[in-house]
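Secondary and tertiary structure notes
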Amino acid sequence: MTTAYRFSFGPWNIHTGADPFGPEVRPAIAFGRKVKLCRELGFQAMQFHDDDAVPEPEKKTPAQLEKAAVEVRKILEAEGLAAEFVAPRLWENPLGIDGGYTANDPAVRHWAIERSKKAIDIARGLGTKLMVLWLAREGTYIRESKNALDSHKYLLAAINAMLEYDKEIEIAIEPKPNEPTDHAYIPTIGHALALASQAADPSRVGGLIETAHALLAGLDPSDEMAFALSLGKLWSVHLNDQNGLKFDEDKSFGMANLRAAYNQVRILELAGYAESGRYIGLDVKALRTQKAGADLRHLTNSRQLFLALVEKVRTFDRKLEQQCVADRDYEALEMAVIAHLMGLK
Ligand code: 3MF
Ligand code: MG
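Attention here is on the structure that accompanies the text.

1. Quick look at helix 6 (residues 189-197)
Owing to its 3.6 residues per turn, the α-helix brings residues three or four apart onto one side. Where helix 6 is concerned, the buried positions are Ile189, Ala192, Leu193, Leu195 and Ala196. Taken end-on, helix 6 shows its buried residues confined to a sector of 155°, consistent with a single buried face. If you follow the buried residues of helix 6, they end up packed against helix 5 (148-165), strand 6 (170-174), strand 8 (205-210) and helix 8 (221-230). Where helix 6 starts, the residue carrying a side-chain oxygen 3.2 Å from the main-chain nitrogen of Gly190 turns out to be Thr188.

Here is the structure:
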């Protein structure tokens, strides 16, 4: 049979339900409890922002960061879990109000790179080589406020500084077209991998694709994934869902666009993603209206739906598919897919 998929999520995926227009609606859950829940819910790894793992990284030396992260690693290992990646969280710091790597102020750009090195120290302690760059505020609200030609050079310089700081790490860029900025730099995986190809060591720069981010760019997530997979550059995914062009909803996987979810699973299956050992990250959030105590189902539902769709992909009639393609009968092919998803005979 086939290799089993491995699942991951980040501490931010179990959260208090606050949004920009209202207060928290559920009590916070302590980190230790989240780790236990991670295992209990059937997940194999946790994802981290640097300060999810070690608070106030700026105030600690590399040795202190690594030591503190080793303690977190022990907590994970006690539950049989691994750390999948670390992402430098530049966007919560007032210094990074206008971006970090692409800030106009050279002192801020310096800070952003130093903070990223601290995230690498933490990754070492946690025992992962994978760094994720979600370029939250690397973009503009007002186009004239930055020189975009310079911005892309600065992004490359930051990536190169990280590669240079630790010869083992690998960087997965997580593209997103907007939010919190109006226009973000590196909006798609095409942009991410073009930048990667220019890095000092292109073999150590790849991508992470989030369903919602691709949808927000008006693109098909499964084709975005296929592009990265065909280049050997899909190093993680953030599966979730998104109901059209709205705020980044982080809905449960497949709950708005079942057919698109099926196609994401199909492409991962065709590429043998499970065998690659990479994780299925679920960047999903509980609905704000979900009551405390029943607010984990976004994770279990997403995982369950993913696995159900794996079965759907594996049991689709391949002969019929080939026949429809050979006959160029795409109406029949489409109906067969829908009938299969709906369990119609
Ligand atoms: C924002 C995101 C982020 C990233 C995370 C890890 C908070 O739209 O998707 O979630 O996934 O920072 O890179
Ligand atoms: Mg994400």
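2. Points about the pairing of strand 2 (residues 45-49)
A large share of strand 2 lies buried, amounting to five of its five residues. Residue alternation in strand 2 divides its side chains into two sets, Ala45, Gln47 and His49 and Met46 and Phe48, and both sets are buried. Remark: the strand 1 (residues 7-9)/helix 1 (residues 31-40)/strand 2 crossover connection has right-handed handedness. Relative to strand 3 (residues 82-87), strand 2 is paired through four bridges, and the arrangement is parallel. Bridging across to strand 3, Phe48 finds its partner in Val86.

3. A short note on the coordination of the magnesium ion (ligand 2)
Here the magnesium ion (ligand 2) is held by Glu174 (OE), Glu210 (OE), His238 (ND1) and Asp283 (OD), and the distances to it run 1.9 to 2.2 Å. What the six donor atoms of the magnesium ion (ligand 2) show is an angle range of 76 to 171° at the metal, which sorts the shape as octahedral. In primary sequence terms, the donor set of the magnesium ion (ligand 2) follows E-x35-E-x27-H-x44-D. In this pair, Glu210 sits in strand 8 while His238 sits in strand 9 (residues 234-239), placing the two residues 28 residues apart along the sequence. Comparing Glu210 with His238 shows no difference in burial state: the two are buried.

4. Focus: the pattern of salt bridges
If the charged atoms of two oppositely charged side chains come close together, the side chains can form a pair. This structure, assessed with the given rule, holds 27 salt bridges. Measuring nitrogen to oxygen at the nearest pair gives 3.8 Å for the salt bridge that ties Asp19 to Arg288. Residue Asp19 is located in the loop between strand 1 and helix 1, and its partner Arg288 is located in the loop between strand 10 (280-282) and helix 10 (297-315); the two are separated by 269 residues in the primary sequence. One continuous salt-bridge network, built from bridges that share partners, spans Asp50, Asp51, Asp52, Glu58, Arg89 and Arg115.

5. Re the site of ligand 1
For ligand 1, the set of nearby residues contains 13 residues, the closest of which are His49, Glu174, Glu210, His213 and Asp248. Between ligand 1 and the protein, one listed contact pairs an oxygen atom with a side-chain N or O atom of His238 at 3.1 Å. Protein contact buries 93% of the 350 Å² of open area that ligand 1 shows by itself. Most atoms of ligand 1, that is more than half of them, are within 2 Å of grid points of the largest pocket.

6. Quick look at the packing of helix 6 against helix 8
Between helix 6 and helix 8, whose axes approach to 10 Å, the crossing angle comes to 20°. By the angle class used here, helix 6 and helix 8 are roughly parallel. Crossing handedness for the pair helix 6 and helix 8: right-handed. Packed against helix 6, whose contacting residues are Ile189, Gly190 and Leu193, the element helix 8 presents Glu224, Phe227 and Ala228 at the interface. Grouping the constituent residues of the contact of helix 6 with helix 8 by class yields four nonpolar, one polar and one charged.

7. A word on the nonpolar core
In terms of nonpolar packing, the biggest core is built from 83 residues, with Tyr101, Ile171, Leu268, Ile280 and Phe306 touching the most fellow members. In terms of residues, this core owes the most to one element, helix 4 (residues 106-126), which gives nine residues. If you look at the next biggest cluster of nonpolar residues, it comprises eight residues, including Trp12, Val132, Ala172 and Trp235.

Criteria and thresholds
- Residues numbered from 1 in each chain as written.
- Chains lettered and ligands numbered in written order.
- Predicted model: local features only at pLDDT ≥ 70, side-chain atom pairs only at ≥ 80, totals over all residues.
- Heavy atoms only, no water.
- Buried < 20%, exposed > 50% of the residue type's maximum accessible area, 1.4 Å probe, protein only.
- Helix = DSSP H or I, 4+ residues; strand = E, 2+ residues; numbered from the N terminus.
- Arc of directions from axis to C-beta.
- Contact = heavy atoms within 4.5 Å.
- Polar contact = N/O pair within 3.5 Å; in protein donor to acceptor, adjacent residues only side chain to side chain.
- Right-handed = clockwise from strand over helix to strand, strands pointing away.
- Pairing = 2+ DSSP bridges.
- Donors = N, O, S within 2.8 Å, 3.2 Å for Na, K, Ca; no water.
- Tetrahedral: all angles 85-135°; square planar, octahedral: opposite > 155°, others 65-115°.
- Salt bridge = Lys/Arg side-chain N within 4 Å of Asp/Glu carboxyl O.
- Near = heavy atom within 4 Å.
- Areas by Shrake-Rupley, 256 points an atom, 1.4 Å probe, with all protein chains shown as cover.
- 1 Å grid on protein atoms, 1.4 Å probe; cavity = no way out; pocket = protein on both sides within 12 Å on 5 of 7 lines; lining within 4 Å.
- Sits in = over half its atoms within 2 Å of the grid points.
- Axes fitted to C-alpha atoms, helices over the stretch in contact; angles between N-to-C directions.
- Parallel < 35°, antiparallel > 145°, perpendicular 65-115°, else oblique.
- Left-handed = near helix turned anticlockwise from the far one by under 90°.
- Nonpolar A, V, L, I, M, F, W, Y, C, P; charged D, E, K, R; others polar.
- Core = buried A, V, L, I, M, F, W, Y, C linked by side-chain atoms within 4.5 Å.

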